[in-house]
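In case you want the letters, here they are:
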Amino acid sequence: MSDPHRLRRLAAGSSLLVTPVLYIAGVIVDPALRQGGGDTTGVYGRFPEQVSVSATLLHWSWVLLVPGIIGMVHLVRRRHVLLGHILGGVALLGVVNFSALMLGDFVYSTLERAMPPAAGAKLADEALADPGATFGFQIPGFVGLVALLLLGLVLAADRQVPWWAPVAMLAGVFTAPIFPVGTVVGGLLFLAGSGVMGLRMLRMSQQEWNGVILQPVAAADGKHASTR
């Protein structure tokens, strides 16, 4: 691990493999999502341990996506380089905001236990409906996901990843919380889309990752004797 370039490549590729696994696990553990719809008032208050595990898993699924996004930006090097870096920055801000929103689950769980469940849930709703929460966290989070999709399409245009990978990744993010069918289908989509990009990074040679182009070196007699 003395080579920082190799370390960054492994971190980026691994994060794109780990992220969907943590996200799907967080969705499955979430007691309200696992209920599959209907009135979820009081559910978080009844199952605080499950809420704690779920929110933590979902938090780390967003946090660990950061190295993957940085790796995606790193691979944008042929066309639309400036656009790729801008989209990458917006995507990073988005996933950080989504990570912060996971604290809301703890708020619901605590208030639904400290007060009558309906009153606690109402108070939590009011807190998260604050304009600061909406414009400072929620909207930037969704904008970041759109930027992540566009960043993936830029990579596809650069012939670094298949075009369907970022589409599947985002489709999985939005459908996995729809328990149970969406969790299965969306989870597979997320894992396929993110995984194929992660495996692409892990399987790259270090020269490919560094953007080194191998070219023939002419020998003294004019023949192409070697490459570098």
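All of these numbers come straight from a predicted model, not from anything done at the bench.

S.K.: Explain the pattern of salt bridges here, please?
M.R.: A side chain with one charge can pair with a side chain of the opposite charge if their charged atoms come near. Counted according to the given criterion, the structure contains 2 salt bridges. For Lys122, the salt bridge goes to Glu126, with nearest N and O atoms at 2.6 Å. One end of the pair, Lys122, and the other, Glu126, are both in helix α8 (residues 117–128), 4 residues apart, so they sit about a helical turn from each other. By relative accessible area, which is 51% here, Lys122 ends up exposed. Given the relative accessible area of 44%, Glu126 is considered partly exposed. Residues Arg200 and Glu208 are paired through a salt bridge, measuring 3.7 Å at the closest nitrogen-oxygen approach. Exposure remark for Arg200: the relative accessible area of 26% places this residue in the partly exposed category. Relative accessible area serves as the criterion here: at 36%, Glu208 is assigned to the partly exposed category.

S.K.: I keep staring at the packing of helix α1 (residues 4–29) against helix α5 (residues 65–75) and nothing clicks. Help me out?
M.R.: Geometrically, a packed helix pair is captured by the angle between its two axes and the distance between the axes. Put simply, α1 and α5 touch, their axes get as near as 7 Å, and they point 130° apart. What the angle tells us is that α1 and α5 run oblique. Considering how the two elements wind past one another, α1 and α5 form a crossing that is left-handed. Only Leu65, Pro67, Gly68 and Gly71 of α5 make contact with α1, whose side of the interface consists of Ala11, Ala12, Ser15, Leu16 and Thr19. Looking at side-chain class alone, the contact of α1 with α5 contains 5 nonpolar, 4 polar and no charged residues.

S.K.: Looking at this model, I keep getting lost on a nonpolar patch on the surface. Mind explaining?
M.R.: A contiguous nonpolar patch, built from Leu82, Ile86, Val90, Phe135, Ile139 and Val143 and spanning about 570 Å² of accessible area, is present on the exposed surface. Tracing the backbone shows Val90 in helix α6 (residues 81–101). For Val90, a relative accessible area of 30% gives the class partly exposed.

S.K.: It is not clear to me how the packing of aromatic side chains should be interpreted in this structure. Could you clarify?
M.R.: Think of a pair of aromatic rings as described by two things: how far the centres are apart, and how the planes are tilted against each other in angle. In this structure the tally under the stated criterion is 6 aromatic pairs. Between the aromatic rings of Tyr23 and Phe190, the centroid separation amounts to 5.4 Å while the plane-to-plane angle is 70°, which identifies the pairing as edge-to-face. Residue Tyr23 is found in helix α1, and its partner Phe190 is found in helix α11 (residues 181–203); the two are separated by 167 residues along the sequence. Note on Tyr23: relative accessible area 6%, which makes it buried. Relative to Tyr108, the ring of Tyr44 has its centre 6.4 Å away and its plane inclined at 90°; by these criteria the two rings are edge-to-face.

S.K.: Would you mind going over the packing of helix α7 (residues 103–114) against α8 with me for this structure?
M.R.: Close contact between α7 and α8 brings their axes to 7 Å; oriented N to C, the two are set at 150°. Classified by the angle their axes make, α7 and α8 are roughly antiparallel. As for how α7 packs across α8, the hand of that crossing is right-handed. Across the interface between the two elements, Gly104, Val107, Tyr108, Leu111 and Glu112 of α7 pack against Pro117, Gly120, Ala121, Leu123, Ala124, Asp125 and Leu128 of α8. Its residues assigned to classes, the contact of α7 with α8 comprises 8 nonpolar, 2 polar and 2 charged.

Rules and cut-offs
Residues numbered from 1 in each chain as written. Predicted model: local features only at pLDDT ≥ 70, side-chain atom pairs only at ≥ 80, totals over all residues. Heavy atoms only, no water. Salt bridge = Lys/Arg side-chain N within 4 Å of Asp/Glu carboxyl O. Helix = DSSP H or I, 4+ residues; strand = E, 2+ residues; numbered from the N terminus. Buried < 20%, exposed > 50% of the residue type's maximum accessible area, 1.4 Å probe, protein only. Axes fitted to C-alpha atoms, helices over the stretch in contact; angles between N-to-C directions. Parallel < 35°, antiparallel > 145°, perpendicular 65-115°, else oblique. Left-handed = near helix turned anticlockwise from the far one by under 90°. Contact = heavy atoms within 4.5 Å. Nonpolar A, V, L, I, M, F, W, Y, C, P; charged D, E, K, R; others polar. Patch = residues over 30% accessible without salt bridge, like charges linked within 9 Å, V, L, I, M, F, W, Y side chains within 5 Å. Areas by Shrake-Rupley, 256 points an atom, 1.4 Å probe, with all protein chains shown as cover. Phe/Tyr/Trp six-rings, centres within 6.5 Å; stacked < 30°, edge-to-face > 60°.

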